[in-house]
Amino acid sequence: MTRLVESPPTTAAAEAAVGGRRWAVPVGFAGLLLVLAGWHFLVDIIACVVQPLWPTLESHTGLRDGRIFWIFLLWSMTTSFGQLVVGWWADRFPSRWLLWAAPPVAAVCLSLLGVSESPWVLAALLFSGALAIAAFHPEAAATAGGCFPEHRSRAMSVFALSGYLGQSVGPFYSGWVTTSGGLEALRGMLPWGLAAAVVIGLAARFVNWPPPSHARRSLSWSGLRGTLPAVAMLVAV
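Residues numbered from 1 in each chain as written. Predicted model: local features only at pLDDT ≥ 70, side-chain atom pairs only at ≥ 80, totals over all residues. Heavy atoms only, no water.

Draft legend 1. Examining the packing of aromatic side chains more closely. A full pass over the atoms with the stated rule returns six aromatic pairs. When the centroid spacing of 5.3 Å and the interplanar angle of 90° are considered together, the rings of Trp54 and Phe72 count as edge-to-face. Of this pair, Trp54 sits in helix 3 (residues 54–61) while Phe72 sits in helix 4 (residues 68–90), and the two are 18 residues apart along the sequence. Look at Trp54 and you get buried, because its relative accessible area is 12%. Ring geometry for Trp100 and Trp209: centres 5.5 Å apart, planes at 20°, overall stacked. Of this pair, Trp100 sits in helix 5 (residues 97–111) while Trp209 is found in strand 2 (residues 208–209), placing the two residues 109 residues apart along the sequence. (Phe/Tyr/Trp six-rings, centres within 6.5 Å; stacked < 30°, edge-to-face > 60°. Helix = DSSP H or I, 4+ residues; strand = E, 2+ residues; numbered from the N terminus. Buried < 20%, exposed > 50% of the residue type's maximum accessible area, 1.4 Å probe, protein only.)

So this is what it looks like as structure tokens:
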């Protein structure tokens with residue numbers, strides 16, 4: 001069962017407790033940060049397997065004249081603006097369950113890209129996978145930053161680094177397996193992706209978790225309306 005514990009002591013309190021000895025980084029939630037980094041690494045590997053495959057997906061589904069662009073746009077908008085929606089939702093409702101649910105859903109959807117030649121099936125799989133990827137990041141980033149409030153930048157750098165490493169592995173993996181086995185070879189990602197998600201999810205149940213750092217509020221139009229100017233600026237750019 002997930003354990004909620006109080007935040008680690010401040011630097012001053014830690015020094016007093018050990019007779020003035022200075023701690024470089026508190027260690028209370030180090031295990032949680034490693035778990036989140038592992039999740040982030042896995043999710044971004046899965047998210048980036050599609051990057052080198054767009055020409056192959058276009059020919060596989062029989063789309064011509066650049067019509068694959070509309071599926072790419074659906075994927076891109078869901079992975080990006082979906083995080084804004086999920087972040088708004090997560091500020092109002094308990095959302096840690098997304099950390100467990102998102103990685104296996106993304107693994108299933110992205111591993112099945114080659115099972116059908118239908119553009120509609122491809123769009124549905126990419127939309128579902130993109131939504132899972134978008135759902136993971138806001139809650140994971142907020143939790144990673146809360147692991148060490150007095151060392152938030154260092155905690156976030158570890159979390160971000162794991163994602164960048166995953167982004168470098170994902171395209172290499174998909175290009176490697178599809179060169180010899182075609183899109184159907186992506187199904188090989190399903191067993192190891194699910195296994196990794198299960199292992200990391202089990203590890204997450206044995207580390208300390210901080211309590212939620214914000215009060216949950218009910219959904220309201222006024223709360224959403226406050227984000228509209230920022231959304232409009234992003235769309236304009």
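Draft legend 2. Summary view of the packing of helix 2 (residues 30–48) against helix 6 (residues 119–147). The N-to-C vectors of helix 2 and helix 6 enclose an angle of 155°; their axes lie 10 Å apart at closest approach. With respect to their mutual orientation, helix 2 and helix 6 come out roughly antiparallel. Judged by the twist between their axes, the crossing of helix 2 over helix 6 is left-handed. For the pair formed by helix 2 and helix 6, the contact residues are Leu32, Leu33, Leu36, Trp39, His40, Val43, Asp44 and Ala47 on the first element and Ile133, Phe136, His137, Ala140, Thr143, Ala144 and Cys147 on the second. Classifying every residue of the contact of helix 2 with helix 6 gives 11 nonpolar, three polar and one charged. (Axes fitted to C-alpha atoms, helices over the stretch in contact; angles between N-to-C directions. Parallel < 35°, antiparallel > 145°, perpendicular 65-115°, else oblique. Left-handed = near helix turned anticlockwise from the far one by under 90°. Contact = heavy atoms within 4.5 Å. Nonpolar A, V, L, I, M, F, W, Y, C, P; charged D, E, K, R; others polar.)

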